[in-house]
Amino acid sequence: MNWYKMSVAGLAIFAAAACGDSGGETTEKKDWKAEVLVAVDQRDVANPVFEEALNANQPEVLAFMGHMGEEMCGKIAPYLVSDDKNYRYYAAIGAAYCQDEKLSANLLSAFDAEEDVRIKEVLAVALGYSGGEVARMPLFDNYAELDEAGLVAIIQSIAYAQVKASDYQLAPFGELLDLTSDKKLGYAAAYALGRVNGLNSMLELADVERAISEAPSVDVKIALTRVARQFGNEAAPLLLSLIEGQAKVVRIAAITAMARLSDEATKLALYNLVEDESAHVRHAALAALANRNMDDPGVEAILDNALSNGTSWDKVSAMRGIRARDAELANRVASEWLAGDDYYLAFQGLIILSGSDEGREILKEYADTHKDTVRGYEAAVALDPSIEADTVPRATPDFATTQNYVTKTLTLSTTQGDIIIKMRPNAPFAATSFLQAAEQGKLDGMLWHRVIPNFVAQAGQKEDPELYKWGSIREEWGGAHEIGTVGVATAGPDTGTTQFFINTAYNMHLNGRYTVFGEVTSSMNVVYNLQEGDKIIKATVSR
């Protein structure tokens, strides 16, 4: 079983008991379990309920303590070597959620001593999150005996570390490439490889091409294109083959990979793909060209045409290339967008302006003269992202309220059609906050401001000054970011507000780092059709 599903199952048992669903337990026990969940959401580290729960033989509480920061994580560490295997198991889950390298020595010691395979798998994943660089080679050395958990651990260890293959000469990159043909483990193996840089110095392109041809699923093919693109122009024939007769998601992955190349053949292919019948393929081609050499007059003409005649999404993609060629033009157009009527363009103009010293001066002046407006606030955030993280936490609702909300459904009526989302019971506080926002009309009119095919569709930008007073919500980790799941967008742990995203791929590196509070139950076709600039017309909550 996937490690995340294992841990979620364990935590769900604990949450169900708190709701009164656990047969022969006393009312007193049920009450303090609910109290644990409320205390976790409040990050109330001084609350005695945690010690009471541990003394009452409830090891599950250790997993929840991992959400609460360094002080609580220090209290988890001794339980990693408890005589009771249940305490060791949940302590390992909690240590993973801590994401605290101070636990690396404790985790390595516990990992070496552990004989129970189930616990050793969870300890490996904890090392992936909290073990730091010192845990990386031990994970590479032991992954094969740990089933999927070993690959999950590697993914989390390298996900945000910009790991270079040349720094890990003894790592089993060839073995991982062979493993991509496995129906069960292939995706995780391909995903792990895709998170390593410089694999062209460790692997042969012919082997990567073979792995793609033998891939057991479309998802594995997509993940392996991240490896293929590291070979630069040498990979051009392979990528060109993937834009012919393949599923749209594979074509988009290959097109995206072409952004790293500079050869003539893929450039001409991108020229043609800009005219493709699929809006998402056209956009991927335009975005790829925008990342290529700006000295090419053909590329320049395509980007200029998109800026003048394309959709709002096209204009933004073209601008990302134009600003590399002509920063003065980019800043002038972005300033016009910032002052214009199209809020999507205004928001993207902020991002473009923040990319240069001259643009930042324009933003500073705008922020100073528009302090009481949404755009003025966002200009200030673009200059100093820490402002976005500086929010007042929302008051924790009582547990009974959350249990009412997690039974409800959220319907998003968008410019592409309706999206229906059911809530996840393992994130009751986040689910409650988003449903309450919908009930108060806060989601109505929101932009889908970030759409990356084969990754996410993200919403949450809205020109509503009251939205920024909503307050932050805390993480409730435990869900897997599989296709169709709905996550909380943040600027760091515990900084979620009203921005959310729908996963359009299984984004394994997001697991345990962003809360999953819901899942799309129907109309994923609508999600796949979303484009940047689309809107949520109306959000409706129903039972």
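Residues numbered from 1 in each chain as written. Predicted model: local features only at pLDDT ≥ 70, side-chain atom pairs only at ≥ 80, totals over all residues. Heavy atoms only, no water.

Details of the state of the cysteines
Tallied over the full model, the rule gives one disulfide. At a sulfur-sulfur separation of 1.9 Å, the disulfide partner of Cys73 is Cys98. Across the S-S bond linking Cys73 and Cys98, the dihedral sits near -110°, which makes this disulfide left-handed. Note that Cys73 is positioned in helix 5 (residues 70–76) and Cys98 in helix 6 (residues 85–98), a separation of 25 residues in sequence. Exposure remark for Cys73: the relative accessible area of 1% places this residue in the buried category. (Disulfide = S-S within 2.5 Å. Helix = DSSP H or I, 4+ residues; strand = E, 2+ residues; numbered from the N terminus. Buried < 20%, exposed > 50% of the residue type's maximum accessible area, 1.4 Å probe, protein only.)

Describing the pairing of strand 2 (residues 417–423)
Within a regular strand, the side chains alternate between the two sheet faces. The sheet contact formed by strand 1 (residues 409–414) and strand 2 spans six bridges and is antiparallel. Note on strand 2: the bridge partner recorded for Thr414 is Gly417. Hairpin connection between strand 1 and strand 2: a loop of two residues separates the two successive antiparallel strands. With four bridges connecting them, strand 2 and strand 7 (residues 516–522) associate as antiparallel partners. (Pairing = 2+ DSSP bridges.)

Some remarks on the packing of helix 6 against helix 8 (residues 117–130)
Two elements in contact, helix 6 and helix 8, have axes separated by 7 Å at closest approach and are oriented at 20°. In terms of axis orientation, helix 6 runs roughly parallel to helix 8. For the element pair helix 6 and helix 8, the recorded crossing hand is left-handed. Of the residues in helix 8, those touching helix 6 at Lys85, Asn86, Arg88, Tyr89, Ala92, Ile93, Ala95, Ala96 and Cys98 are Arg118, Ile119, Val122, Leu123, Ala126, Tyr129 and Ser130. By residue class, the composition of the contact of helix 6 with helix 8 is eleven nonpolar, two polar and three charged. (Axes fitted to C-alpha atoms, helices over the stretch in contact; angles between N-to-C directions. Parallel < 35°, antiparallel > 145°, perpendicular 65-115°, else oblique. Left-handed = near helix turned anticlockwise from the far one by under 90°. Contact = heavy atoms within 4.5 Å. Nonpolar A, V, L, I, M, F, W, Y, C, P; charged D, E, K, R; others polar.)

What is shown is where atoms sit, not what they do.
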